[in-house]
Amino acid sequence: MSKLSISLYTILALIAFAANSVLCRLALGDNTIDAASFTSVRLLSGILVLIIILAFTRSGLGSRFSRAEGQDEQDKLQGTSAADALSQPKLKARGSWRAAILLFIYAITFSFAYISLATGMGALILFASVQLTMVIASLLGGKKLHYTEWIGLIMAFCGFIYLVMPTLATPSLSGFILMTISGIAWAGYTLMGRGSASALGDTSYNFLRTLPFVILLILFTFQDAQLSNTGLALAIVSGGLASGIGYTIWYIALTGLSAIQAAVVQLVVPVIAAIGGIMFAGESISMRLILASAMILGGILFLIVGKYVLESRGSRHTKDSESK
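Predicted model, so just to flag it, every value in this text is computed and none were measured.

Overview of the nonpolar core
Then, in step 1: Grouped together as the largest cluster of nonpolar side chains are 75 residues, with contacts concentrated most on Tyr106, Tyr114 and Met179.
Then, in step 2: Per element, the largest residue contribution to this core is 12 residues, and it comes from helix H1 (residues 3–29).

A look at the packing of aromatic side chains
Think of a pair of aromatic rings as described by two things: how far the centres are apart, and how the planes are tilted against each other in angle.
Then, in step 1: Applying the stated criterion across every chain yields a total of six aromatic pairs.
Then, in step 2: Here tryptophan 97 and phenylalanine 213 contribute two aromatic rings whose centre-to-centre distance is 6.3 Å and whose plane-to-plane angle is 85 degrees, an arrangement assigned as edge-to-face. Of the two residues, tryptophan 97 is situated in helix H5 (residues 97–113) and phenylalanine 213 in helix H10 (residues 211–221); the sequence distance between them amounts to 116 residues.
Then, in step 3: With a relative accessible area of 46%, tryptophan 97 lands in the partly exposed category.

Some thoughts on helix H2 (residues 35–58)
Then, in step 1: For H2, built from 24 residues, the straight-helix expectation of 34 Å at 1.5 Å per residue is met to within 8% by its first-to-last C-alpha distance of 34 Å.
Then, in step 2: Two or three places before alanine 36, at the start of H2, stands the capping residue aspartate 34, its side-chain oxygen 3.3 Å from that residue's backbone nitrogen.

Observations regarding the environment of isoleucine 6
Then, in step 1: Along the chain, isoleucine 6 turns up in helix H1.
Then, in step 2: Placed 250 residues apart in sequence, isoleucine 6 and glycine 256 show a C-alpha to C-alpha distance of 5.9 Å.

Observations concerning unusual backbone geometry
Leave glycine aside and you will find that most residues have negative phi; peptide bonds, for their part, are mostly trans.
Then, in step 1: Positive phi outside glycine occurs at asparagine 31, with the angle close to 55 degrees.
Then, in step 2: The class for asparagine 31 is exposed, based on a relative accessible area of 59%.

A word on a nonpolar patch on the surface
Then, in step 1: Taken together, the side chains of Val271, Ile275, Ile278, Met279, Phe280, Ile285, Met287, Ile290 and Leu291 present a nonpolar region at the surface, about 860 Å² in accessible area.
Then, in step 2: Put simply, the parts of the chain that give the nonpolar patch at least two residues each are helix H13 (269–280) and helix H14 (287–323).
Then, in step 3: With a relative accessible area of 39%, isoleucine 278 lands in the partly exposed category.

Remarks on the side chain of threonine 133
Then, in step 1: Relative to the helices and strands, threonine 133 resides in helix H6 (residues 119–140).
Then, in step 2: Within polar-contact distance, the side chain of threonine 133 engages the backbone oxygen of serine 129 at 2.7 Å.
Then, in step 3: Contacts of threonine 133, omitting those with residues within four sequence positions, involve Ile184 and Ala187.

Conventions and cut-offs
Residues numbered from 1 in each chain as written. Predicted model: local features only at pLDDT ≥ 70, side-chain atom pairs only at ≥ 80, totals over all residues. Heavy atoms only, no water. Core = buried A, V, L, I, M, F, W, Y, C linked by side-chain atoms within 4.5 Å. Buried < 20%, exposed > 50% of the residue type's maximum accessible area, 1.4 Å probe, protein only. Helix = DSSP H or I, 4+ residues; strand = E, 2+ residues; numbered from the N terminus. Phe/Tyr/Trp six-rings, centres within 6.5 Å; stacked < 30°, edge-to-face > 60°. Expected span 1.5 Å × (residues − 1). Polar contact = N/O pair within 3.5 Å; in protein donor to acceptor, adjacent residues only side chain to side chain. Patch = residues over 30% accessible without salt bridge, like charges linked within 9 Å, V, L, I, M, F, W, Y side chains within 5 Å. Areas by Shrake-Rupley, 256 points an atom, 1.4 Å probe, with all protein chains shown as cover. Salt bridge = Lys/Arg side-chain N within 4 Å of Asp/Glu carboxyl O. Contact = heavy atoms within 4.5 Å.

Okay, structure coming up:
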């Protein structure tokens, strides 16, 4: 796949991620639908769209999507080309219940958090929590951080502290906690999918496994449901397009992105979401959000990129010394 195609898929996926924040805020901020119903409709729409896409790719009619989605993992695990991988027996991709639980926790806390959070603030807390959780998981797994990574980590945590300091611009405590939980759940879901042999297949079945939880959520909350055509439409678009198709596009983009590139490009999502909130939700960006964004995202960017820049410079310096 060409670099232009990878760039296009990446941009579309990032817009889809930000769109989820904007759509959720539009629906809940204007009280067009309650948080529980939004979550239920979003997941049900995602299930429907992903199952349709999965059936399409496995029917032989969607070979392009199959090749793009499966090439990276198939090549790493089997050392074959994409064409050879497609000609081999299909790998069993059934997801897991643990991943489905994390996905449901992410979705429901995401919705309830946006009752009291602005679009940009919510996206900032979400993606910063995701990145920090993945770093902590690496530490617990025995990975040692480079000093530049420690600097980035401390900078990001300082940004979090500044974000929740008691001022008029401080986000709701309940919204902050819920969105942080949502980010942790999404990070766990992402880490569980690192060994996936078929990202689309595993994601589809993970979404499908949330169905029992969605049914229970509906049973416990239907009496308090607040529905409108606008709210339902926003939830369907969020689930079917921004989540279902958006996640599929992201998996295609990942075949042409390194792990570092994939991590870094996601850091622009809060910025896109904040711009979307201004354009579509009539929100304004506070100076606190701007400064916190710079500290958190700058710290995470430094954490991810700093070590590799220094190592590449050191490698070039070593080669130059040897050549002399």
